[in-house]
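Report on the structure
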Amino acid sequence: MHFDPQVAWDSLPKLLAGTLTTFTVLLPVLVLGLLLALPIALARFKPGPRSVLAAAYIGFFRGVPSLVLLYLIYSGLPQFSLVRETFLWNVFSNAYVCAWIGLALTHSGFMAEIIRGGLAAVPQGTLEAAATLGLKPRQILFRLRLPMAARYVLRAYQNELLIMVKSTAAVSAITLVDLTAAANTVFDYTYDPFTPLMTAAAIYWCITNGIRLAFSAADRKFNRYLVRA
Amino acid sequence: MSAILSNVAMSQTSAARGQMSAVSISGLNKFYGTFHALRDIDLEVASGEIVVLCGPSGSGKSTLIRCINHLEQHDAGQIHVSGIKLTRRQDDVEKVRRELGMVFQNFNLFPHMTVLANCTFALKLAMRIAEKEAEAIAQEYLAKVNVAEQAHKYPIQLSGGQQQRVAIARALCLKPRIMLFDEPTSALDPESVGSVLRIMEDLAQTGITMICVTHEMGFARRVADRCVFMERGEIVEAGPADTFFDSPSSERLRNFLDKVL
(Lines give C-alpha, C1' and ligand atoms only; values in the text may rest on other atoms or scores of the structure.)
Protein backbone atom coordinates (compact mmCIF):
# COMPACT_ATOMS: atom_id res chain seq x y z
CA MET A 1 0.00 0.00 0.00
CA HIS A 2 1.59 3.23 -1.08
CA PHE A 3 0.60 6.60 -2.47
CA ASP A 4 1.26 6.82 -6.24
CA PRO A 5 1.62 10.47 -7.31
CA GLN A 6 1.16 9.55 -10.97
CA VAL A 7 -2.20 7.88 -10.29
CA ALA A 8 -3.20 10.86 -8.17
CA TRP A 9 -2.32 13.30 -10.95
CA ASP A 10 -4.04 11.24 -13.66
CA SER A 11 -7.19 10.87 -11.59
CA LEU A 12 -7.38 14.54 -10.75
CA PRO A 13 -9.77 15.53 -13.60
CA LYS A 14 -12.22 12.84 -12.51
CA LEU A 15 -11.93 13.83 -8.86
CA LEU A 16 -12.42 17.51 -9.66
CA ALA A 17 -15.49 16.66 -11.75
CA GLY A 18 -16.72 14.75 -8.67
CA THR A 19 -15.96 17.80 -6.53
CA LEU A 20 -18.11 19.89 -8.86
CA THR A 21 -20.95 17.40 -8.42
CA THR A 22 -20.48 17.57 -4.65
CA PHE A 23 -20.93 21.34 -4.79
CA THR A 24 -23.81 21.12 -7.27
CA VAL A 25 -25.58 18.92 -4.77
CA LEU A 26 -24.51 20.85 -1.70
CA LEU A 27 -25.28 24.49 -2.49
CA PRO A 28 -29.01 24.16 -3.33
CA VAL A 29 -29.37 21.86 -0.31
CA LEU A 30 -27.96 24.56 1.97
CA VAL A 31 -30.29 27.23 0.60
CA LEU A 32 -33.36 25.01 0.50
CA GLY A 33 -32.63 23.54 3.95
CA LEU A 34 -32.29 27.00 5.48
CA LEU A 35 -35.51 28.25 3.86
CA LEU A 36 -37.40 25.21 5.14
CA ALA A 37 -35.84 25.39 8.60
CA LEU A 38 -36.74 28.99 9.40
CA PRO A 39 -40.56 28.67 9.42
CA ILE A 40 -40.24 25.29 11.17
CA ALA A 41 -38.10 26.86 13.90
CA LEU A 42 -40.51 29.79 14.27
CA ALA A 43 -43.50 27.45 14.47
CA ARG A 44 -41.91 25.79 17.52
CA PHE A 45 -42.27 28.98 19.56
CA LYS A 46 -46.04 29.27 19.61
CA PRO A 47 -47.73 26.36 21.40
CA GLY A 48 -50.43 24.78 19.26
CA PRO A 49 -50.95 22.35 16.41
CA ARG A 50 -48.36 24.03 14.21
CA SER A 51 -45.74 23.60 16.90
CA VAL A 52 -46.63 19.92 17.22
CA LEU A 53 -46.37 19.48 13.45
CA ALA A 54 -43.02 21.25 13.41
CA ALA A 55 -41.76 19.03 16.23
CA ALA A 56 -42.90 15.95 14.28
CA TYR A 57 -41.14 17.25 11.16
CA ILE A 58 -37.90 17.80 13.07
CA GLY A 59 -38.19 14.44 14.80
CA PHE A 60 -38.81 12.61 11.53
CA PHE A 61 -36.14 14.17 9.36
CA ARG A 62 -33.47 14.14 12.04
CA GLY A 63 -34.34 10.51 12.71
CA VAL A 64 -34.40 9.05 9.20
CA PRO A 65 -30.92 8.32 7.80
CA SER A 66 -30.37 10.56 4.77
CA LEU A 67 -29.31 7.52 2.73
CA VAL A 68 -32.66 5.84 3.43
CA LEU A 69 -34.44 9.09 2.55
CA LEU A 70 -32.59 9.30 -0.78
CA TYR A 71 -33.56 5.71 -1.64
CA LEU A 72 -37.17 6.38 -0.66
CA ILE A 73 -37.37 9.45 -2.88
CA TYR A 74 -35.39 8.17 -5.84
CA SER A 75 -36.57 4.54 -5.91
CA GLY A 76 -39.63 4.55 -3.67
CA LEU A 77 -41.71 7.41 -5.04
CA PRO A 78 -41.75 6.13 -8.67
CA GLN A 79 -43.62 3.07 -7.34
CA PHE A 80 -46.67 5.33 -7.27
CA SER A 81 -48.29 5.79 -10.66
CA LEU A 82 -49.26 9.31 -9.56
CA VAL A 83 -45.55 10.14 -9.58
CA ARG A 84 -44.69 8.07 -12.64
CA GLU A 85 -47.48 9.25 -14.90
CA THR A 86 -47.75 12.94 -14.14
CA PHE A 87 -45.48 15.98 -14.37
CA LEU A 88 -43.98 14.80 -11.09
CA TRP A 89 -41.99 12.30 -13.09
CA ASN A 90 -40.04 15.17 -14.67
CA VAL A 91 -39.03 16.13 -11.18
CA PHE A 92 -38.37 12.81 -9.50
CA SER A 93 -36.64 11.07 -12.42
CA ASN A 94 -33.79 13.53 -12.02
CA ALA A 95 -31.22 12.25 -9.51
CA TYR A 96 -30.03 15.76 -8.71
CA VAL A 97 -33.53 16.91 -7.79
CA CYS A 98 -33.97 13.85 -5.58
CA ALA A 99 -30.63 14.54 -3.91
CA TRP A 100 -31.53 18.17 -3.32
CA ILE A 101 -34.89 17.32 -1.81
CA GLY A 102 -33.69 14.39 0.28
CA LEU A 103 -30.64 16.09 1.74
CA ALA A 104 -32.44 19.41 2.19
CA LEU A 105 -35.13 17.70 4.28
CA THR A 106 -32.52 16.15 6.55
CA HIS A 107 -30.53 19.38 6.70
CA SER A 108 -33.64 21.43 7.49
CA GLY A 109 -34.46 19.19 10.47
CA PHE A 110 -31.08 19.89 12.03
CA MET A 111 -31.06 23.55 11.01
CA ALA A 112 -34.50 24.11 12.54
CA GLU A 113 -33.15 23.00 15.90
CA ILE A 114 -30.03 25.15 15.53
CA ILE A 115 -32.13 28.21 14.65
CA ARG A 116 -34.61 27.50 17.43
CA GLY A 117 -31.78 27.32 19.95
CA GLY A 118 -30.34 30.59 18.68
CA LEU A 119 -33.68 32.38 18.81
CA ALA A 120 -34.38 31.06 22.30
CA ALA A 121 -30.99 32.32 23.51
CA VAL A 122 -31.74 35.96 22.67
CA PRO A 123 -32.42 37.62 26.04
CA GLN A 124 -36.06 38.54 26.62
CA GLY A 125 -35.03 41.96 27.93
CA THR A 126 -33.37 42.85 24.65
CA LEU A 127 -36.57 42.07 22.80
CA GLU A 128 -38.59 44.08 25.33
CA ALA A 129 -36.26 47.04 24.86
CA ALA A 130 -36.86 46.94 21.12
CA ALA A 131 -40.62 46.77 21.68
CA THR A 132 -40.54 49.81 23.98
CA LEU A 133 -38.60 51.68 21.29
CA GLY A 134 -41.58 51.29 19.00
CA LEU A 135 -40.45 48.45 16.75
CA LYS A 136 -43.10 46.19 15.29
CA PRO A 137 -43.00 42.45 16.09
CA ARG A 138 -41.89 41.64 12.54
CA GLN A 139 -39.05 44.18 12.73
CA ILE A 140 -37.99 42.82 16.10
CA LEU A 141 -37.84 39.30 14.65
CA PHE A 142 -36.03 40.06 11.42
CA ARG A 143 -33.87 43.02 12.41
CA LEU A 144 -32.93 42.10 15.96
CA ARG A 145 -33.73 38.57 17.06
CA LEU A 146 -32.60 36.69 13.95
CA PRO A 147 -29.37 38.70 13.55
CA MET A 148 -28.51 38.04 17.21
CA ALA A 149 -29.44 34.36 16.88
CA ALA A 150 -27.30 34.05 13.75
CA ARG A 151 -24.31 35.26 15.73
CA TYR A 152 -24.95 32.79 18.54
CA VAL A 153 -25.26 29.82 16.19
CA LEU A 154 -22.30 30.55 13.94
CA ARG A 155 -20.19 27.69 15.36
CA ALA A 156 -23.09 25.23 15.50
CA TYR A 157 -23.83 26.06 11.86
CA GLN A 158 -20.19 25.47 10.96
CA ASN A 159 -20.46 21.97 12.45
CA GLU A 160 -23.64 21.24 10.53
CA LEU A 161 -22.11 22.57 7.31
CA LEU A 162 -19.01 20.37 7.64
CA ILE A 163 -21.20 17.35 8.29
CA MET A 164 -23.27 18.23 5.21
CA VAL A 165 -20.18 18.52 2.99
CA LYS A 166 -19.32 14.95 3.85
CA SER A 167 -22.88 13.58 3.91
CA THR A 168 -23.29 14.51 0.25
CA ALA A 169 -21.29 11.32 -0.42
CA ALA A 170 -24.58 9.48 0.12
CA VAL A 171 -25.77 10.67 -3.30
CA SER A 172 -23.62 8.04 -5.03
CA ALA A 173 -26.39 5.64 -3.95
CA ILE A 174 -28.70 7.34 -6.45
CA THR A 175 -26.26 7.34 -9.39
CA LEU A 176 -24.60 10.72 -8.87
CA VAL A 177 -20.82 10.68 -9.07
CA ASP A 178 -19.67 13.00 -6.33
CA LEU A 179 -16.10 13.30 -5.04
CA THR A 180 -16.20 10.07 -3.01
CA ALA A 181 -17.87 8.15 -5.85
CA ALA A 182 -15.31 9.51 -8.33
CA ALA A 183 -12.46 8.29 -6.12
CA ASN A 184 -14.13 4.91 -5.94
CA THR A 185 -14.39 4.64 -9.75
CA VAL A 186 -10.68 5.40 -10.03
CA PHE A 187 -10.06 2.54 -7.59
CA ASP A 188 -12.23 0.30 -9.80
CA TYR A 189 -9.97 0.59 -12.81
CA THR A 190 -6.56 1.14 -11.16
CA TYR A 191 -7.00 -1.46 -8.38
CA ASP A 192 -5.33 1.16 -6.17
CA PRO A 193 -7.73 2.06 -3.35
CA PHE A 194 -5.22 4.09 -1.42
CA THR A 195 -4.18 6.83 -3.86
CA PRO A 196 -7.57 8.07 -5.16
CA LEU A 197 -9.23 7.94 -1.75
CA MET A 198 -6.34 9.79 -0.09
CA THR A 199 -6.50 12.38 -2.87
CA ALA A 200 -10.23 12.72 -2.36
CA ALA A 201 -9.64 13.09 1.37
CA ALA A 202 -7.13 15.85 0.65
CA ILE A 203 -9.71 17.67 -1.48
CA TYR A 204 -12.32 17.31 1.31
CA TRP A 205 -9.70 18.66 3.69
CA CYS A 206 -9.20 21.71 1.45
CA ILE A 207 -12.95 22.33 1.30
CA THR A 208 -13.48 21.98 5.03
CA ASN A 209 -10.50 24.21 5.75
CA GLY A 210 -11.83 26.82 3.38
CA ILE A 211 -15.08 26.69 5.35
CA ARG A 212 -13.18 26.93 8.62
CA LEU A 213 -11.35 30.04 7.43
CA ALA A 214 -14.57 31.61 6.19
CA PHE A 215 -16.23 31.00 9.55
CA SER A 216 -13.26 32.39 11.44
CA ALA A 217 -13.49 35.53 9.33
CA ALA A 218 -17.24 35.75 9.92
CA ASP A 219 -16.70 35.22 13.63
CA ARG A 220 -14.15 38.03 13.77
CA LYS A 221 -16.49 40.34 11.89
CA PHE A 222 -19.82 39.56 13.52
CA ASN A 223 -18.75 38.61 17.02
CA ARG A 224 -16.38 41.52 17.58
CA TYR A 225 -18.92 42.81 20.08
CA LEU A 226 -17.96 40.05 22.53
CA VAL A 227 -14.38 41.34 22.88
CA ARG A 228 -13.94 43.66 25.83
CA ALA A 229 -10.77 45.41 24.74
CA MET B 1 -26.58 70.25 32.31
CA SER B 2 -30.25 71.03 32.64
CA ALA B 3 -29.74 73.77 30.10
CA ILE B 4 -28.38 71.42 27.49
CA LEU B 5 -31.21 69.02 28.04
CA SER B 6 -33.67 71.79 27.39
CA ASN B 7 -34.81 70.70 23.96
CA VAL B 8 -36.36 67.67 25.60
CA ALA B 9 -38.42 70.19 27.51
CA MET B 10 -39.22 71.98 24.28
CA SER B 11 -40.69 68.87 22.80
CA GLN B 12 -42.76 68.51 25.97
CA THR B 13 -44.15 71.99 26.22
CA SER B 14 -44.68 72.52 22.53
CA ALA B 15 -47.13 69.65 22.42
CA ALA B 16 -50.67 70.87 22.89
CA ARG B 17 -51.69 68.73 25.81
CA GLY B 18 -53.13 71.32 28.14
CA GLN B 19 -53.54 69.94 31.64
CA MET B 20 -54.25 66.44 30.40
CA SER B 21 -52.80 63.79 32.66
CA ALA B 22 -49.80 61.96 31.21
CA VAL B 23 -50.73 58.60 32.62
CA SER B 24 -54.10 57.71 34.04
CA ILE B 25 -54.65 54.36 35.67
CA SER B 26 -57.91 53.22 37.22
CA GLY B 27 -59.05 49.98 38.78
CA LEU B 28 -56.00 48.14 37.51
CA ASN B 29 -55.72 44.47 38.40
CA LYS B 30 -53.12 41.97 37.33
CA PHE B 31 -52.77 38.28 38.12
CA TYR B 32 -49.97 35.82 37.56
CA GLY B 33 -51.97 32.62 37.70
CA THR B 34 -53.63 32.86 41.10
CA PHE B 35 -51.13 35.40 42.42
CA HIS B 36 -52.74 38.83 42.66
CA ALA B 37 -49.88 41.05 41.53
CA LEU B 38 -51.75 44.36 41.30
CA ARG B 39 -54.92 45.17 43.29
CA ASP B 40 -57.24 47.96 42.24
CA ILE B 41 -54.52 50.43 41.36
CA ASP B 42 -55.63 54.03 40.76
CA LEU B 43 -52.91 56.46 39.78
CA GLU B 44 -52.96 59.80 37.97
CA VAL B 45 -49.67 61.22 36.82
CA ALA B 46 -49.88 64.81 35.59
CA SER B 47 -47.90 65.94 32.61
CA GLY B 48 -44.45 67.07 33.78
CA GLU B 49 -44.79 65.33 37.11
CA ILE B 50 -41.96 63.23 38.61
CA VAL B 51 -43.38 60.23 40.42
CA VAL B 52 -41.29 57.74 42.35
CA LEU B 53 -42.65 54.28 43.10
CA CYS B 54 -41.12 52.53 46.06
CA GLY B 55 -41.83 49.54 48.21
CA PRO B 56 -40.41 46.15 49.13
CA SER B 57 -39.48 43.71 46.38
CA GLY B 58 -42.45 41.80 45.09
CA SER B 59 -44.79 44.68 45.86
CA GLY B 60 -45.78 45.17 42.21
CA LYS B 61 -43.85 48.35 41.35
CA SER B 62 -42.15 46.90 38.30
CA THR B 63 -45.28 45.09 37.23
CA LEU B 64 -47.19 48.37 37.36
CA ILE B 65 -44.63 50.24 35.29
CA ARG B 66 -44.47 47.37 32.81
CA CYS B 67 -48.25 47.39 32.45
CA ILE B 68 -48.12 51.03 31.37
CA ASN B 69 -46.21 50.15 28.18
CA HIS B 70 -47.84 46.77 27.78
CA LEU B 71 -44.79 44.64 28.53
CA GLU B 72 -47.30 43.01 30.88
CA GLN B 73 -50.98 42.70 30.04
CA HIS B 74 -53.37 43.90 32.69
CA ASP B 75 -56.40 41.78 33.49
CA ALA B 76 -58.84 44.47 34.57
CA GLY B 77 -59.04 48.25 34.77
CA GLN B 78 -57.95 50.97 32.41
CA ILE B 79 -54.72 52.64 31.43
CA HIS B 80 -54.60 55.86 29.42
CA VAL B 81 -51.31 57.32 28.23
CA SER B 82 -51.48 60.88 26.90
CA GLY B 83 -55.19 60.25 26.52
CA ILE B 84 -54.71 57.11 24.43
CA LYS B 85 -56.49 54.09 25.81
CA LEU B 86 -54.22 51.05 26.08
CA THR B 87 -55.93 47.98 24.65
CA ARG B 88 -54.54 44.68 23.44
CA ARG B 89 -54.64 45.83 19.83
CA GLN B 90 -51.16 46.10 18.37
CA ASP B 91 -51.68 49.60 16.94
CA ASP B 92 -52.95 50.93 20.29
CA VAL B 93 -49.93 49.38 21.96
CA GLU B 94 -47.65 51.03 19.41
CA LYS B 95 -49.35 54.41 19.81
CA VAL B 96 -48.94 54.23 23.59
CA ARG B 97 -45.32 53.14 23.28
CA ARG B 98 -44.56 56.16 21.08
CA GLU B 99 -45.41 58.31 24.09
CA LEU B 100 -43.18 56.34 26.43
CA GLY B 101 -39.48 55.76 26.89
CA MET B 102 -38.31 52.92 29.10
CA VAL B 103 -35.09 52.32 30.99
CA PHE B 104 -34.49 48.87 32.44
CA GLN B 105 -32.54 47.62 35.42
CA ASN B 106 -30.27 45.55 33.17
CA PHE B 107 -29.86 48.22 30.47
CA ASN B 108 -30.95 45.80 27.72
CA LEU B 109 -28.70 47.39 25.13
CA PHE B 110 -28.35 45.52 21.85
CA PRO B 111 -24.98 43.85 22.51
CA HIS B 112 -23.98 43.33 18.88
CA MET B 113 -24.48 46.99 17.93
CA THR B 114 -22.23 49.90 18.71
CA VAL B 115 -23.47 52.54 21.11
CA LEU B 116 -24.35 54.75 18.16
CA ALA B 117 -26.19 51.95 16.36
CA ASN B 118 -28.14 51.21 19.54
CA CYS B 119 -29.46 54.75 19.40
CA THR B 120 -30.11 54.95 15.66
CA PHE B 121 -31.76 51.52 15.42
CA ALA B 122 -35.28 52.61 16.36
CA LEU B 123 -34.89 56.03 14.76
CA LYS B 124 -34.30 54.32 11.44
CA LEU B 125 -36.76 51.43 11.79
CA ALA B 126 -39.63 52.86 13.81
CA MET B 127 -39.37 56.54 12.87
CA ARG B 128 -38.08 56.04 9.30
CA ILE B 129 -35.40 58.70 9.79
CA ALA B 130 -32.48 58.61 7.36
CA GLU B 131 -29.13 57.26 8.58
CA LYS B 132 -27.27 60.59 8.63
CA GLU B 133 -29.98 62.46 10.48
CA ALA B 134 -30.48 59.56 12.90
CA GLU B 135 -26.77 59.61 13.71
CA ALA B 136 -26.87 63.34 14.35
CA ILE B 137 -29.80 62.91 16.75
CA ALA B 138 -28.05 60.02 18.48
CA GLN B 139 -24.79 61.94 18.87
CA GLU B 140 -26.69 64.86 20.37
CA TYR B 141 -28.28 62.72 23.07
CA LEU B 142 -25.12 60.69 23.70
CA ALA B 143 -23.36 63.99 24.38
CA LYS B 144 -26.10 64.94 26.82
CA VAL B 145 -25.53 61.81 28.88
CA ASN B 146 -21.73 62.22 28.65
CA VAL B 147 -20.92 59.16 26.57
CA ALA B 148 -20.30 60.83 23.20
CA GLU B 149 -16.70 59.55 23.09
CA GLN B 150 -17.94 55.97 23.40
CA ALA B 151 -20.23 56.17 20.37
CA HIS B 152 -18.29 53.63 18.32
CA LYS B 153 -17.68 51.15 21.11
CA TYR B 154 -19.73 48.08 21.87
CA PRO B 155 -21.78 47.95 25.09
CA ILE B 156 -19.49 45.33 26.66
CA GLN B 157 -16.61 47.81 26.48
CA LEU B 158 -18.46 50.31 28.68
CA SER B 159 -18.93 50.46 32.44
CA GLY B 160 -22.38 49.73 33.84
CA GLY B 161 -23.04 53.41 34.46
CA GLN B 162 -22.05 54.30 30.91
CA GLN B 163 -24.25 51.51 29.53
CA GLN B 164 -27.23 52.75 31.51
CA ARG B 165 -26.65 56.30 30.29
CA VAL B 166 -26.56 54.99 26.72
CA ALA B 167 -29.87 53.27 27.42
CA ILE B 168 -31.30 56.58 28.62
CA ALA B 169 -30.00 58.36 25.49
CA ARG B 170 -31.43 55.60 23.30
CA ALA B 171 -34.86 56.15 24.81
CA LEU B 172 -34.63 59.97 24.67
CA CYS B 173 -33.68 59.93 20.96
CA LEU B 174 -37.30 59.08 20.20
CA LYS B 175 -38.47 62.16 22.12
CA PRO B 176 -40.96 60.43 24.41
CA ARG B 177 -43.29 62.56 26.52
CA ILE B 178 -43.02 60.17 29.44
CA MET B 179 -40.02 58.24 30.74
CA LEU B 180 -40.42 55.05 32.72
CA PHE B 181 -37.47 53.94 34.85
CA ASP B 182 -37.51 50.40 36.23
CA GLU B 183 -34.86 50.33 38.98
CA PRO B 184 -32.30 52.00 36.72
CA THR B 185 -29.49 51.97 39.30
CA SER B 186 -30.07 48.61 40.99
CA ALA B 187 -27.51 46.77 38.84
CA LEU B 188 -24.81 49.42 39.21
CA ASP B 189 -21.82 49.83 41.48
CA PRO B 190 -22.09 52.78 43.89
CA GLU B 191 -19.83 55.01 41.77
CA SER B 192 -21.91 54.54 38.66
CA VAL B 193 -25.16 55.10 40.53
CA GLY B 194 -24.30 58.76 40.97
CA SER B 195 -23.61 59.33 37.28
CA VAL B 196 -26.95 57.86 36.30
CA LEU B 197 -28.92 59.67 39.01
CA ARG B 198 -27.37 63.00 37.96
CA ILE B 199 -28.60 62.46 34.41
CA MET B 200 -32.06 61.58 35.72
CA GLU B 201 -32.11 64.68 37.93
CA ASP B 202 -31.15 66.87 34.98
CA LEU B 203 -33.83 65.20 32.91
CA ALA B 204 -36.40 65.86 35.63
CA GLN B 205 -35.69 69.60 35.27
CA THR B 206 -36.69 69.58 31.62
CA GLY B 207 -40.42 69.19 32.16
CA ILE B 208 -40.61 65.60 30.94
CA THR B 209 -42.95 63.29 32.85
CA MET B 210 -41.11 60.61 34.80
CA ILE B 211 -42.26 57.51 36.63
CA CYS B 212 -39.37 55.86 38.46
CA VAL B 213 -39.21 52.64 40.37
CA THR B 214 -36.20 53.06 42.60
CA HIS B 215 -34.70 52.24 45.96
CA GLU B 216 -32.71 55.50 45.91
CA MET B 217 -34.54 57.34 48.67
CA GLY B 218 -32.23 60.34 48.46
CA PHE B 219 -33.13 60.75 44.81
CA ALA B 220 -36.83 60.37 45.62
CA ARG B 221 -36.67 63.08 48.25
CA ARG B 222 -34.71 65.51 46.08
CA VAL B 223 -36.44 65.02 42.77
CA ALA B 224 -39.89 63.48 43.16
CA ASP B 225 -43.00 65.63 43.07
CA ARG B 226 -44.86 62.68 44.50
CA CYS B 227 -43.86 59.39 46.08
CA VAL B 228 -46.02 56.31 45.91
CA PHE B 229 -45.57 53.45 48.34
CA MET B 230 -46.68 50.00 47.21
CA GLU B 231 -46.94 46.79 49.16
CA ARG B 232 -48.47 43.45 48.16
CA GLY B 233 -49.78 44.82 44.90
CA GLU B 234 -51.55 47.79 46.47
CA ILE B 235 -50.85 51.49 46.65
CA VAL B 236 -50.67 52.02 50.40
CA GLU B 237 -49.79 55.67 50.53
CA ALA B 238 -48.92 58.46 48.13
CA GLY B 239 -48.00 62.05 48.68
CA PRO B 240 -45.49 64.87 48.16
CA ALA B 241 -41.92 63.83 48.99
CA ASP B 242 -41.76 65.91 52.20
CA THR B 243 -44.88 64.51 53.82
CA PHE B 244 -44.08 61.06 52.48
CA PHE B 245 -40.72 60.89 54.22
CA ASP B 246 -41.27 63.15 57.24
CA SER B 247 -44.80 62.36 58.33
CA PRO B 248 -46.02 59.13 56.74
CA SER B 249 -49.57 58.41 57.80
CA SER B 250 -49.67 54.64 57.40
CA GLU B 251 -48.02 52.13 59.68
CA ARG B 252 -46.81 50.10 56.70
CA LEU B 253 -44.95 53.01 55.14
CA ARG B 254 -43.41 53.93 58.51
CA ASN B 255 -42.14 50.36 58.85
CA PHE B 256 -40.73 50.44 55.33
CA LEU B 257 -38.99 53.76 55.79
CA ASP B 258 -37.50 52.56 59.09
CA LYS B 259 -35.88 49.72 57.19
CA VAL B 260 -34.54 51.62 54.19
CA LEU B 261 -33.53 54.99 55.58
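Preceding this section is the structure that the text describes.
Residues numbered from 1 in each chain as written. Chains lettered and ligands numbered in written order. Predicted model: local features only at pLDDT ≥ 70, side-chain atom pairs only at ≥ 80, totals over all residues. Heavy atoms only, no water.

**So, the pattern of salt bridges**
Pairing of side chains with opposite charge becomes possible as their charged atoms draw close. Short version of the rule: Any carboxyl oxygen of Asp or Glu that lies within 4 Å of a side-chain nitrogen of Lys or Arg is treated as forming a salt bridge with it. Only DSSP runs of H or I covering at least 4 residues are called helices, and only runs of E covering at least 2 are called strands; the numbering of each starts at the N terminus. Only protein chains enter the area calculation, which uses a 1.4 Å probe; residues under 20% of their type maximum are buried, those over 50% are exposed, and those in between are partly exposed.
Tallied over the full model, the rule gives 17 salt bridges over all chains. The residue Arg252(B) makes a salt bridge to Glu234(B) at a minimum N-O spacing of 3.6 Å. A residue pair is termed long-range when its members are at least 10 positions apart, and Arg252(B) in helix H10 (residues 251-260) and Glu234(B) in strand S10 (residues 234-239) qualify at 18 residues. The exposure class of Arg252(B) is partly exposed, given its relative accessible area of 29%. Each of the salt bridges in this network shares a partner with another, and the network as a whole consists of Arg62(A), Glu113(A) and Arg116(A).

**Remarks on the interface of chain B and chain A**
The criterion, for reference: Contacts between residues were defined by any pair of non-hydrogen atoms, one from each residue, lying within 4.5 Å. Buried area, as used here, totals the accessible surface that two parts lose on assembly, with accessibility defined by a 1.4 Å probe and the loss added over both. Under the rule applied, a polar contact is a pair of N or O atoms within 3.5 Å (in protein, one hydrogen donor and one hydrogen acceptor; residues adjacent in sequence only if both atoms are side-chain atoms).
If you look at the interface, chain B gives 26 residues, while chain A gives 24 residues. Buried area between chain B and chain A, both sides added, is near 2300 Å², and the carbon and sulfur share of it is 64%. The three residues of chain B that bury the most area against chain A are His112(B), Leu125(B) and Ile156(B), which together make up 27% of that side's buried surface. Two residues, Glu94(B) and Lys136(A), come together in a salt bridge whose shortest N-O distance is 2.7 Å. At the boundary of chain B with chain A, the tally comes to six residue pairs in polar contact (both at pLDDT 80 or more). Residue assignment for the side of chain B that touches chain A shows that the elements contributing at least two residues are helix H3 (90-99), strand S6 (100-103), helix H4 (115-125) and helix H6 (160-172) of chain B.

**Structural notes on the pairing of strand S8 (residues 209-213) of chain B**
All names here are of chain B. Selection criterion: Note on pairing: two strands pair once DSSP finds at least 2 bridges between them. Here a crossover is taken to be right-handed if, once the strands point away from the viewer, the path from the first strand over the helix to the second is traced clockwise.
Most of S8 sits out of view: five of its five residues are buried. Residues Thr209, Ile211 and Val213 point to one face of S8 and Met210 and Cys212 to the other, with burial holding for every one of them. Bridge analysis of strand S3 (residues 50-54) against S8 gives four bridges, and the strand direction is parallel. Pairing of Val52 across the sheet is with Cys212, part of S8. The pairing of strand S7 (residues 178-182) with S8 spans five bridges and is classified as parallel. Looking at the pairing, Ile178 lines up with Thr209 of S8. Each parallel crossover has a hand, and the one from S7 via helix H7 (residues 190-204) to S8 is right-handed.

Fair warning: the whole summary comes from geometry, so function is off the table for now.
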